[in-house]
Amino acid sequence: AQKITQTQPGMFVQEKEAVTLDCTYDTSDQSYGLFWYKQPSSGEMIFLIYQGSYDEQNATEGRYSLNFQKARKSANLVISASQLGDSAMYFCAMREPYQGGKLIFGQGTELSVKP
Amino acid sequence: DGGITQSPKYLFRKEGQNVTLSCEQNLNHDAMYWYRQDPGQGLRLIYYSQIVNDFQKGDIAEGYSVSREKKESFPLTVTSAQKNPTAFYLCASSLSGAGANVLTFGAGSRLTVL
């Protein structure tokens, strides 16, 4: 069964520094998609970045990049030049084909950015 | 602007009462989803629907019911059979259930059982 694991319940980073949030996944499918979402204290879920299993390049979106290591089944989120507004919960999620498009989420990592 | 509207934002319920959470989208998305989030936890799937008049159970469907009579609407009823309904409920939609189609989420509904 598919599973997402985020082993860092909480992380601290100094403003303007880079931070890596870990995500490992388990699936028997060759085709799958990996997503990262941000959840501020308001509760809304904000999409950050997507990586397809067949994508050869690591995905990037502004200050966000996804360090995709397929053989290790890891999809770590890298946030460069952290800002105070980056303080939030971050969730890694996976979608497998023929599953109705549903996402399976990890437990999340709470990121706190220090001034 | 297109988006997903969930209501009410906060809801209090007495034990033994059914409550219905509303979810409306104007994104013309085919697929819709309901997730539950408990404090400090990830999201767990309750129900999902890929097309009007059809829906499937997720991982924690017991004590919940849904309907999908219109493409835009996917209401969730929390029944008295749900043993621990206090949680944050998130509705989402996507263009289709495939590939890179992103799930767009509503702002959520927080249900508290008194």
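Here, every reference points to the structure presented above.
For clarity, every value in this text was computed on a predicted model and none was experimentally measured.

Rules used in this analysis
Residues numbered from 1 in each chain as written. Chains lettered and ligands numbered in written order. Predicted model: local features only at pLDDT ≥ 70, side-chain atom pairs only at ≥ 80, totals over all residues. Heavy atoms only, no water. Salt bridge = Lys/Arg side-chain N within 4 Å of Asp/Glu carboxyl O. Buried < 20%, exposed > 50% of the residue type's maximum accessible area, 1.4 Å probe, protein only. Contact = heavy atoms within 4.5 Å. Buried area = accessible area lost by both parts, 1.4 Å probe. Helix = DSSP H or I, 4+ residues; strand = E, 2+ residues; numbered from the N terminus. Polar contact = N/O pair within 3.5 Å; in protein donor to acceptor, adjacent residues only side chain to side chain.

Trainee: Account for the pattern of salt bridges, naming residues and giving values.
Mentor: Residue and element names in this part refer to chain B. Per the counting criterion, the structure on display carries five salt bridges over all chains. Here Arg 36 makes a salt bridge to Asp 38, at a shortest N to O gap of 3.0 Å. As far as burial versus exposure is concerned, Arg 36 and Asp 38 are alike and both buried. Where salt bridges share partners, they join Arg 36, Asp 38 and Arg 44 into one cluster.

Trainee: Summarise the interface of chain A and chain B; cite the residues concerned and give the values.
Mentor: Taken residue by residue, the interface counts 20 residues in chain A and 25 residues in chain B. When chain A packs against chain B, close to 1,700 Å² is buried across both sides, 55% of that on carbon and sulfur atoms. Counting the surface chain A buries against chain B, the share from its top three residues, Arg 95, Gly 100 and Lys 102 of chain A, is 28%. Where chain A meets chain B, there are zero salt bridges.

Trainee: Which residues make up the environment of His 29 of chain B, and what values do they have?
Mentor: Residue and element names in this part refer to chain B. Mapped onto the elements of the fold, His 29 is located in the loop between strand E3 (19–25) and strand E4 (31–37). Spatially, the C-alpha atom of His 29 lies 23 Å from that of Tyr 64, the residues being 35 residues apart in sequence. Once residues within four sequence positions are removed from consideration, His 29 is found in contact with Arg 68, Lys 71, Ser 93, Ser 94, Leu 95 and Thr 104. Only 2.7 Å separates the side chain of His 29 from the side chain of Ser 93, close enough to count as a polar contact.

Trainee: Go over the side chain of Ser 109 of chain B with me, naming the residues and quoting the values.
Mentor: All names here are of chain B. Examined against the element boundaries, Ser 109 turns out to sit in strand E11 (residues 109–113). Here Pro 8 takes part through its backbone oxygen, which lies 2.6 Å from a polar atom of the side chain of Ser 109. Sequence-distant contacts of Ser 109, defined by excluding residues within four places in its chain, comprise Gln 6, Ser 7, Pro 8, Lys 9, Leu 21, Ala 87, Phe 88 and Tyr 89.

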